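Structure assessment
Each chain, written out:
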Amino acid sequence: MRFDANLTIERPTFVTHLECSYTGERYEADRVHNLSAAGKPLLVRYDLDGVKKALNKDELARRPQDLWRYRELLPVRRLEDIVSLGEAVTPLVAMPRLAKSLGATELLVKDEGRLPTGSFKARGLIMAVSMAKALGITHMAMPTNGNAGAALAAYATRAGIRTTIFCPEDTPEVNVSEIELQGATVYRVNGLIDDCGKIVGQGKAEVGWFDVSTLKEPYRIEGKKTMGLELAEQLDWDVPDVIFYPTGGGTGLIGMWKAFDELERIGFIGSKRPRMVAVQAAGCAPMVRAWEKGEEHAPRWEDAHTIASGIRVPQAVGDFLILRAVRESNGFAIAVPDDAIQVALDEMAKSEGFLLCPEGAATYAAYKQALADGRVRRDERAVLFNCATGLKYPLPPVHRTIDRHKPIDFKAL
Ligand SMILES: Cc1ncc(COP(=O)(O)O)c(C=O)c1O
């Protein structure tokens, strides 16, 4: 099969309708949608019996290794609407040395830093932009902590769609630069991501921007769903025992949970599910607080702060979907302090040569904490999500030098 077969061969699609994730109300597919009438995220529904007949594991195994291989479970109807920058199936990297030092059987990291724009945000925005193209949307706007904006800018520019992006003023410099360089107009805002979201909402009302905020359009979940599809296929149609996911808006966690359900219904996996663990930073942990109190929704977290800026999300529109997936899976929500995140990042870089992003490091810190307090067993197969390349973030300076004009004491080096 040609390397670009997923982008050039017509395949059947199976979307039947969209559905309010809270009330179950039906919405017509192939129309522009944001939230449901109840103000909740919309979920894409498929004719899964049709998918089951059209797709089998052997056929799938022959397709090129990118997320478009799952076309039958994706919303884009026409080949010409697919927007691609050369996505890769991200590797599952084993961490045997760290696992051994913790007395654990198997520790795997799914390295999302290998995707275009260097983060898993590409998956969601690929789908949102492709569907925007299909639906004739010409101007998209979003609030971002950095990586989502970069992915939107890149894919929307590729599709010829204008973008206006707002980020908190302390967003990593590299994100602000890459957003602008990849064709968007980006503004730093003196506030947090939800403050940026309010500006997008006003722009939508005043000048008709299409609001592509987390879960406020239906297709980013479908893109993030491919993490679950890939993971199950990589494990030979099995699921891990436990997944640690760095949770901000929670699109990936919700998407993976949906993926496992759809995979079971097309007969690709059984009823086993991983326990889903929502990892947050101690300085911004609305899901953890709501999970501990047994609540359905997670009110805003005031004075949010953490070095893991991607998960500095004080309030999430899909809070009940995150909490539902965590509870249904018998998982848990866990907060880790910034110093543990930094230690985790250093430890994995120094002992395995693997550079995590701070949000990915939060999952490793949470895994260690959960092992220590017995919430995860040592014989469980755990998967951590490294959601972005560690190279996007400020790295510690090195001051060591050699004066080549002076004698070198090699024994001391
Ligand atoms: C690196 C990184 N990790 C995690 C997240 C949180 O992702 P989600 O919104 O899917 O919870 C973000 C979102 O900005 C991010 O940039």
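Rules and cut-offs
Residues numbered from 1 in each chain as written. Predicted model: local features only at pLDDT ≥ 70, side-chain atom pairs only at ≥ 80, totals over all residues. UniProt positions renumbered as here; feature names shortened; annotations may be inferred. Helix = DSSP H or I, 4+ residues; strand = E, 2+ residues; numbered from the N terminus. Rg over C-alpha atoms; globule rule 2.2 N^0.38 Å. Buried ≥ 20, exposed ≤ 12 C-beta atoms within 10 Å, placed from the backbone. Contact = placed C-beta atoms within 7 Å. Pairing = 2+ DSSP bridges. Near = placed C-beta within 6 Å. Nonpolar A, V, L, I, M, F, W, Y, C, P; charged D, E, K, R; others polar. Axes fitted to C-alpha atoms, helices over the stretch in contact; angles between N-to-C directions. Parallel < 35°, antiparallel > 145°, perpendicular 65-115°, else oblique. Left-handed = near helix turned anticlockwise from the far one by under 90°. Expected span 1.5 Å × (residues − 1). Core = buried A, V, L, I, M, F, W, Y, C linked by C-beta atoms within 7 Å.

The protein is annotated in an unreviewed UniProt entry as Threonine synthase of Azospirillum oleiclasticum. Recorded under Cofactor (unreviewed entry), the UniProt text for the protein is reproduced unchanged: "pyridoxal 5'-phosphate".

A tally of helices and strands in the protein yields 14 helices and 13 strands. Relative to the globule expectation of 22 Å for 413 residues, the C-alpha radius of gyration of the protein, 21 Å, shows essentially globular dimensions. By the burial criterion, 51% of the 413 residues in the protein qualify as buried. By sequence separation, contacts in the protein at least 24 residues apart represent 70% of the contacts at least 6 residues apart.

Judged by pairing direction, the sheet is parallel, and its 4 strands sit side by side in the order 8-7-6-9 without closing on themselves. The open sheet has two edge strands, strand 8 (185–189) and strand 9 (210–211), and neither has a second partner. Relative to strand 9, strand 6 (residues 139–143) runs parallel, the two being bridged by 2 bridges. Bridge pairing in strand 9 places Met 140 opposite Phe 210.

Another aspect to go through is the site of the ligand. In the vicinity of the ligand, 20 residues are found, and the nearest of them are Asn 147, Gly 248, Gly 249, Gly 310 and Glu 359. Those elements giving two or more residues to the shell around the ligand turn out to be helix 6 (147–159) and helix 10 (251–265). In terms of residue class, the shell around the ligand is built from 6 nonpolar, 12 polar and 2 charged.

In space, the 3 strands of this open sheet follow the order 2-1-3, with antiparallel pairing throughout. Edge strands, defined here as strands with exactly one partner in the open sheet, are strand 2 (26–27) and strand 3 (42–46). Note: strand 1 (residues 15–20) against strand 3, 5 bridges, orientation antiparallel. Across the sheet, residue His 17 finds its bridge partner in strand 3, namely Arg 45.

Turning our eyes to something else, we now look at the packing of helix 11 (residues 286–293) against helix 12 (residues 319–328). One can describe the packing of helix 11 onto helix 12 by two numbers: an axis separation of 11 Å at closest approach and a directional angle of 55°. Between helix 11 and helix 12, the angle is such that the two are oblique. The handedness of the crossing between helix 11 and helix 12 is right-handed. Facing Met 287, Ala 290 and Trp 291 of helix 11, the residues of helix 12 in contact are Asp 319, Ile 322, Leu 323 and Val 326. Looking at the contact of helix 11 with helix 12, its residues break down into 6 nonpolar, no polar and 1 charged.

A word on helix 5 (residues 121–134). Compared with the 20 Å implied by 1.5 Å per residue over 14 residues, the 20 Å span of helix 5 between its first and last C-alpha is a close match. Along helix 5, 13 of the 14 residues are buried, which leaves the element largely enclosed by surrounding structure. Following helix 5 by one or two positions, Gly 136 adopts a phi angle in the positive range, close to 75°.

Positive phi is not limited to glycine here, since Leu 215 has a value of about 65°. Summarising the element assignment, Leu 215 is placed in the loop between strand 9 and helix 9 (220–234). On the basis of neighbour count, Leu 215 is assigned to the buried category, with 25 C-beta atoms found within 10 Å. The residue Trp 237 is not glycine, and still its phi comes out positive at about 60°. Along the chain, Trp 237 turns up in the loop between helix 9 and strand 10 (242–246). Overall, Trp 237 belongs to the partly exposed group, with 13 C-beta atoms counted inside 10 Å.

Using the residue numbers shown here, the UniProt feature "domain: Tryptophan synthase beta chain-like PALP" (unreviewed entry) corresponds to residues 83–387. Secondary structure across residues 83–387 comprises 45% helix and 17% strand; the distance between its end C-alpha atoms is 21 Å.

Once that is clear, we can look at the pairing of strand 12 (residues 332–336). Successive side chains on a regular strand alternate, one facing one side of the sheet and the next facing the other. Buried residues dominate strand 12, accounting for 5 of its 5 residues. Side chains of strand 12 alternate between two faces, with Phe 332, Ile 334 and Val 336 and Ala 333 and Ala 335 buried alike. Across 5 bridges, the pairing between strand 11 (residues 275–281) and strand 12 is parallel. Each bridged residue has a counterpart across the sheet, and for Val 277 the counterpart in strand 12 is Phe 332.

It is worth spelling out the packing of helix 13 (residues 338–352) against helix 14 (residues 358–372) at this point. Packing of helix 13 against helix 14 leaves a shortest axis separation of 8 Å and a crossing angle of 95°. Taken together, the axes of helix 13 and helix 14 are roughly perpendicular relative to one another. Packed against helix 13, whose contacting residues are Ala 340, Ile 341, Ala 344, Leu 345 and Met 348, the element helix 14 presents Pro 358, Ala 361, Ala 362, Tyr 364, Ala 365 and Lys 368 at the interface. Residues that form the contact of helix 13 with helix 14 fall into these classes: 10 nonpolar, no polar and 1 charged.

What follows concerns the nonpolar core. By size, the foremost hydrophobic cluster in this structure holds 130 residues, and its most contacted members are Met 140, Leu 152, Phe 244 and Val 277. Here Met 140 is in contact with Ala 132, Leu 152, Ala 156, Ile 161, Thr 163, Trp 209, Phe 210 and Val 212, once residues within four sequence places are set aside.

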